[in-house]
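Close look at the chain arrangement
The lines below spell out each chain.
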Amino acid sequence: NAYVANIATSGDTSTVGVYSVASSGVLTKVSTVPSYGGSSYQLLLSGDDKYLYVLHNDTNRISMYTVGTNGALTSMTTPFIATIDFPQSFAIHPSGKFIYVARYASSGYVYRHDIDAATGAVGSLQISSQTAVGQSPRAIRIHSSGKYAYVLNGGNRTISMLNINETTGELTAMTPSFVASSGTDFPNSFAIDASGKFLYVTTYSDKVYAFQIDQSNGALTASSTVTTATSSNNFIMLSGSW
């Protein structure tokens with residue numbers, strides 16, 4: 001199945017489209033379900049594909065769904081939960097126990113919601129979980145090991161590096177706490193490859209910046225820069241083994 005976040009034309013009436021995927025790759029629309037914001041900014045599936053979450057950056061909410069037979073979506077009993085204002089990006093811990101939300105502001109922060117393992121429901125925002133990162137965070141990613149989190153900061157062109165307590169979900173800054181993301185180029189998005197060994201940053205210029213991830217402590221080391229045809233907007237890699 002495939003899911004599409006649809007932006008509302010007016011009011012808090014955005015939707016999520018549910019599609020089946022044929023063996024030929026053709027998409028067929030199955031249904032449309034309501035979500036609870038005007039802007040469905042980002043979609044995330046839980047690691048076990050049982051739950052889907054939608055981040056709304058206009059209503060500061062996370063919509064929550066269970067994924068049923070043939071990928072059908074059903075809103076949870078409590079269909080959405082309030083999150084921090086100006087949410088820019090969110091990420092699920094591989095354990096399925098935590099969701100982290102990056103707040104877009106000149107002084108950026110990351111906040112945590114705990115997830116009910118039995119139901120997939122996202123709990124109330126943990127204000128005390130506030131963790132400082134860089135300026136104007138654009139995206140957050142969690143390493144597949146569950147030990148590290150990275151936040152791409154547009155305002156000061158850095159990547160914040162954080163350790164994760166896998167029991168409590170608490171974030172703490174590494175030492176050093178950040179690396180330069182892209183020189184003077186404005187970073188747009190980033191991704192971690194399937195092996196967990198490399199991280200790549202796209203920019204609004206014609207470059208993609210690559211980093212090696214130290215598997216023992218999660219630290220990033222700049223490794224190479226690739227020139228693209230024009231401004232790069234996003235990045236995805238095929239899965240595979242190394």
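**Focus on unusual backbone geometry**
Peptide bonds are mostly trans, and most non-glycine residues show a negative phi. The peptide bond linking T175 to P176 adopts the cis configuration, its omega dihedral lying at -5°. In the Ramachandran plot, D49 falls in the positive-phi region, its phi being about 60° despite a non-glycine side chain. Turning to its location among the elements, D49 is positioned in the loop between strand 4 (40-45) and strand 5 (51-56). Given the relative accessible area of 48%, D49 is considered partly exposed. With a phi angle near 55°, N60 is a residue other than glycine that sits in the positive phi range. Relative to the assigned elements, N60 resides in the loop between strand 5 and strand 6 (61-67).

**A look at the sheet that holds strand 7 (residues 73-82)**
Taken in spatial order, the 4 strands of this open sheet run 4-5-6-7, and their pairing is antiparallel. Edge positions in the sheet fall to strand 4 and strand 7, since each of these pairs with one other strand and no more. Ignoring strand direction, the axes of neighbouring strands in this sheet form an average angle of 20°. Of the strand pairs in this sheet, strand 4 and strand 5 are connected by 5 bridges, and their pairing is antiparallel. Each bridged residue has a counterpart across the sheet, and for S40 the counterpart in strand 5 is H56.

**A look at the confidence of the model for the protein chain**
In this model, the protein chain carries a mean pLDDT of 92, and residues with pLDDT of at least 70 account for 94%. Confidence over residues 238-242 falls short of pLDDT 50; this stretch has 6 contacts with residues more than four positions distant or in other chains.

**Let's talk about the sheet that holds strand 3 (residues 27-34)**
Taken in spatial order, the 3 strands line up as 1-2-3 in an open sheet, and their pairing is antiparallel. Whereas interior strands pair on both sides, the edge strands pair on one side only; in this sheet they are strand 1 (2-6) and strand 3. The sheet shows a mean angle of 25° between the axes of neighbouring strands, direction not considered. Alignment of strand 2 (residues 15-21) against strand 3, held across 7 bridges, turns out to be antiparallel. Bridge pairing in strand 3 links V21 to L27.

**Details of the pairing of strand 13 (residues 148-153)**
In terms of burial, strand 13 is largely enclosed, as 6 of its 6 residues are buried. Neither face of strand 13 is left uncovered, since the one carrying Y148, Y150 and L152 and the one carrying A149, V151 and N153 both have all their residues buried. Sheet topology places strand 12 (residues 137-142) next to strand 13; 5 bridges connect them, and they run antiparallel. Within the sheet, the bridge partner assigned to I142 lies in strand 13 and is A149. The turn linking strand 12 back onto strand 13 is made up of 5 residues, and G146 within it adopts a positive phi angle of 80°. As paired elements, strand 13 and strand 14 (residues 158-164) share 6 bridges and run antiparallel to each other. Bridge pairing links N153 to T158 in strand 14. Counted along the chain from strand 13 to the antiparallel partner strand 14, the turn is 4 residues long, and its residue R157 has a positive phi close to 55°.

Calculation criteria
- Residues numbered from 1 in each chain as written.
- Predicted model: local features only at pLDDT ≥ 70, side-chain atom pairs only at ≥ 80, totals over all residues.
- Heavy atoms only, no water.
- Helix = DSSP H or I, 4+ residues; strand = E, 2+ residues; numbered from the N terminus.
- Buried < 20%, exposed > 50% of the residue type's maximum accessible area, 1.4 Å probe, protein only.
- Pairing = 2+ DSSP bridges.
- Axes fitted to C-alpha atoms, helices over the stretch in contact; angles between N-to-C directions.
- pLDDT = per-residue confidence, 0-100.
- Contact = heavy atoms within 4.5 Å.

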